[in-house]
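Residue strings, one per chain:
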Amino acid sequence: MIPSGFEYHRPADIAAALSILQEHGDDARVIAGGHSLIPMMKLRMADIEHLVDLQAIDSLRGISVGATEVSIGAMVTQHELIEDDALAQAVPILREAALVIADPQVRYVGTIGGNVANGDPGNDMPGLMQCLDARFELVGPDGTREVPARDFYEAAYFTAREDEEILTKVIIPIPAAGTGQAYEKQKRKIGDYATAASGVMIQTEGGVCTAASIAMTNLADTPIWCEAASEALIGSDLGDAACKAAVAAAIDAIEPVADNRGPVEFKKHVAGVILRRAIDRAIARASN
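The rules behind the values
- Residues numbered from 1 in each chain as written.
- Predicted model: local features only at pLDDT ≥ 70, side-chain atom pairs only at ≥ 80, totals over all residues.
- Heavy atoms only, no water.
- Salt bridge = Lys/Arg side-chain N within 4 Å of Asp/Glu carboxyl O.
- Helix = DSSP H or I, 4+ residues; strand = E, 2+ residues; numbered from the N terminus.
- Buried < 20%, exposed > 50% of the residue type's maximum accessible area, 1.4 Å probe, protein only.
- Core = buried A, V, L, I, M, F, W, Y, C linked by side-chain atoms within 4.5 Å.
- Axes fitted to C-alpha atoms, helices over the stretch in contact; angles between N-to-C directions.
- Parallel < 35°, antiparallel > 145°, perpendicular 65-115°, else oblique.
- Left-handed = near helix turned anticlockwise from the far one by under 90°.
- Contact = heavy atoms within 4.5 Å.
- Phe/Tyr/Trp six-rings, centres within 6.5 Å; stacked < 30°, edge-to-face > 60°.
- Lys NZ or Arg CZ within 6 Å of the ring centre and 35° of its normal.
- Pairing = 2+ DSSP bridges.

A. Expanded view of the pattern of salt bridges. In the structure shown here, the tally under the stated rule is 18 salt bridges. Of the charged contacts in the structure, one is a salt bridge between Arg135 and Glu146, with a shortest N-O distance of 2.7 Å. A residue pair is termed long-range when its members are at least 10 positions apart, and Arg135 in strand β6 (residues 135-140) and Glu146 in strand β7 (residues 143-148) qualify at eleven residues. We classify Arg135 as partly exposed; its relative accessible area is 22%. For Glu146, a relative accessible area of 42% gives the class partly exposed. We note a salt bridge from Lys169 to Glu137, for which the minimum N-O separation is 3.8 Å. Placement of Lys169 in strand β10 (residues 166-173) and of Glu137 in strand β6 is noted, with a sequence separation of 32 residues between them. Bridged by salt links that share partners, the residues Arg188, Asp192, Asp259, Arg261 and Lys267 form one connected network.

B. Summary view of the nonpolar core. Core analysis: the largest hydrophobic core is formed by 39 residues, its most contacted members being Ile72, Leu94, Met125, Met129 and Val170. Grouped together as the second largest cluster of nonpolar side chains are 30 residues, Ala196, Ile202, Leu233 and Ile254 included.

C. Quick peek at the packing of helix α11 (residues 240-253) against helix α12 (residues 264-285). Across the interface, α11 lies against α12 with an axial gap of 10 Å and an inter-helix angle of 135 degrees. By the angle between their directions, the pair α11 and α12 is classed as oblique. For the pair α11 and α12, the crossing hand works out as right-handed. Counted together, Asp240, Cys243, Lys244, Ala246, Val247, Ala250 and Ile251 of α11 and Lys268, Ala271, Gly272, Leu275, Arg276, Ile279, Asp280 and Ile283 of α12 form the full contact between these two elements.

D. Here's a closer look at the packing of aromatic side chains. Considering all chains together, one arrives at three aromatic pairs under this definition. With a centroid separation of 5.0 Å and an interplanar angle of 85 degrees, the aromatic rings of Phe136 and Phe152 are classed as edge-to-face. In this pair, Phe136 is assigned in strand β6 and Phe152 in helix α9 (residues 149-152), connecting sequence segments 16 residues apart. Accessibility assignment for this pair places Phe136 and Phe152 in one class, buried. Taken together, the ring pairs connect Phe136, Phe152 and Tyr153 into an aromatic cluster. Over the aromatic face of Trp225 sits the side chain of Arg150, whose NZ or CZ is 3.7 Å from the ring centroid.

E. Local environment of the pairing of β7. Summarising the sheet, β6 and β7 pair through six bridges and their orientation is antiparallel. Bridged to Gly140 within β7 is Gly143.

Right under this line is the structure:
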């Protein structure tokens, strides 16, 4: 299908983009890579009168790896996440997750900011950002603020971002050295959303789990960061009983719905299998 008519804007900086959003209010939307918004416009599920393209705003690009944090501009593409060796060394799970998003053609254009900002429960990065305890920088008419990823998602396609705000940056604490990290995803075919996906981080000392973080994707109307699943591992020797307890806690936390990827019980089964794989790989990668 063809979208309804709209006016196209290509501002050169954040101030100009915010000015357009303030002028046109609910009739304006920003676009990053466009892989979520453009299909909705073509299907007439979104009727946008003013489209604000962020491609020309250089301040939204770039990856900076510091001593304790990584800063990623909202317009950084999934391909750039994969290709940045310093980023892969600091937070290897980012490369692992980006490699299973859609296909290479999409990854050359799709951005991290677009993936996390629109609240699509099927996107990979929102759950991963919760696993990593990331923060999102938002800029609006009232200034700049940061929102933790774990507080950002309110319902499907509803987030803490105000209508006149732009997500400009993703800030990620660098996991401690030796942290085991793994991202597992099951999907029907290349390019599809996950039937179930999970990000896991595990730290150990002397064979005992000292910290853990577990998040699940596309198994509720928001990503699920499951504190109870993490706590089931902390203090344990990461044996079978502890891992099974973590999986059980995560399954209790998810709320999948039946769709063309399968019925609810099937999704719960797949979620359990995927999470256990991620836990096992994270344990294998963790070092004292």
